[in-house]
Amino acid sequence: MVNYIEAATAPAKNTGAIRLYGQDAFAGMRKACQLTARCLDELAAIVEPGVPTDVIDRFVFEFGMDHGAYPATLNYRGYMKSSCTSINHVVCHGIPNDKPLREGDIVNIDVTYVLDGWHGDSSRMYPVGEIKRSAERLLEVTYESLMRGIAAVRPGARTGAIGEAIQTFAEGERCSVVRDFCGHGVGSLFHDSPNILHYGRVNDGPELREGMIFTIEPMINLGKPHVKVLGDGWTAVTRDRSLSAQYEHTVGVTATGCEIFTLSPGGLDRPGLPPLQG
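Residues numbered from 1 in each chain as written. Predicted model: local features only at pLDDT ≥ 70, side-chain atom pairs only at ≥ 80, totals over all residues. Heavy atoms only, no water.

Chemist: Help me understand the overall build of the protein, please; the structure alone is not making it clear to me.
Modeler: Secondary structure summary: the protein contains 4 helices and 17 strands in total. The C-alpha atoms of the protein give 17 Å as radius of gyration, which agrees with the globular expectation for 278 residues (19 Å, within 12%). Its C-alpha atoms put the protein at 50 × 45 × 45 Å along the principal axes. Out of the 278 residues in the protein, the part that is buried amounts to 54%. When contacts within the protein are restricted to residue pairs at least 6 apart in sequence, those whose partners lie at least 24 apart make up 70%. Just so you have it, the protein exposes about 12100 Å², and 50% of that area is on carbon and sulfur atoms. (Helix = DSSP H or I, 4+ residues; strand = E, 2+ residues; numbered from the N terminus. Rg over C-alpha atoms; globule rule 2.2 N^0.38 Å. Buried < 20%, exposed > 50% of the residue type's maximum accessible area, 1.4 Å probe, protein only. Contact = heavy atoms within 4.5 Å. Areas by Shrake-Rupley, 256 points an atom, 1.4 Å probe, with all protein chains shown as cover.)

Chemist: What's the story with the packing of aromatic side chains in this structure? I'm lost.
Modeler: Here the distance between the centres and the angle between the planes together describe a pair of aromatic rings. Going through the model one piece at a time under the given rule, you end up with 7 aromatic pairs. When the ring of F63 is compared with that of Y113, the centres are 6.3 Å apart and the planes differ by 25 degrees; the resulting orientation is stacked. Here Y113 lies in strand β6 (residues 106-115) and F63 lies in helix α2 (residues 53-66), a separation of 50 residues in the sequence. Overall, the relative accessible area of 0% leaves Y113 in the buried class. Geometrically, the ring pair formed by Y143 and Y247 is edge-to-face, given 5.4 Å between the ring centres and 80 degrees between the ring planes. Of this pair, Y143 sits in helix α3 (residues 133-151) while Y247 sits in the loop between β15 (244-246) and β16 (249-253), and the two are 104 residues apart along the sequence. Members of the aromatic cluster, joined through ring pairs, are F59, F63 and Y113. The side chain of R179 reaches across the aromatic face of Y199, ending 4.8 Å from its centre. Here R209 stacks its cationic end above the ring of Y4, 3.7 Å away from the centre of that ring. (Phe/Tyr/Trp six-rings, centres within 6.5 Å; stacked < 30°, edge-to-face > 60°. Lys NZ or Arg CZ within 6 Å of the ring centre and 35° of its normal.)

This is the structure in structure tokens:
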């Protein structure tokens, strides 16, 4: 049984009920999410061969501080960095360190800022210098998977419609969808209900209702979907060491569809890739 609750009266913890937010909350989310998007735009000029991911992480922290926001990951369940930087076969939750990026790498940078109590959550892939065509194709497929999932969001649909749209496209492009991680409710909480699976069937899952806010963040692999978490307790990698990619947006369900809160103000939603046609 799925329960829905007005967010204004909900307790400050994840109870399993799905929060329905009002227009004031949507306004707050726009500000938080656009700050995150602006940070990700700025990173496009920083990501290059020879740059350690710790430098990226320090920029994320300082950018947030300069704009009155706090990185949600910092000190979250023992995580000690302001971002996640996942390189090549790292699926998600890669920990920034002093190792330099190398020519041909692909890196996902995941940033969540807390601004005035609202969580703006987004991630993008960045090519490091010149990358192989197979890597570029993976980035293209993953971004298109995300946008097809978003296109399925509307009141009355179910969360399974998002997963089916992503799975059908990605697998049709001979890629695989990671099942170990998913999108999630977000807003006044960092991680909330419902879970947003990136695979499934159109009639699966809770009904989408106006006022819901959540992330869609498919992780797509060139090889098999299986992952493992390393001994640090965070870093998830592909078991077959195939390349993995992820893009993430935060969206809010509207009366007619959805609003993407984390769109790039500079048109850099897929940095380093050729511009979309049409």
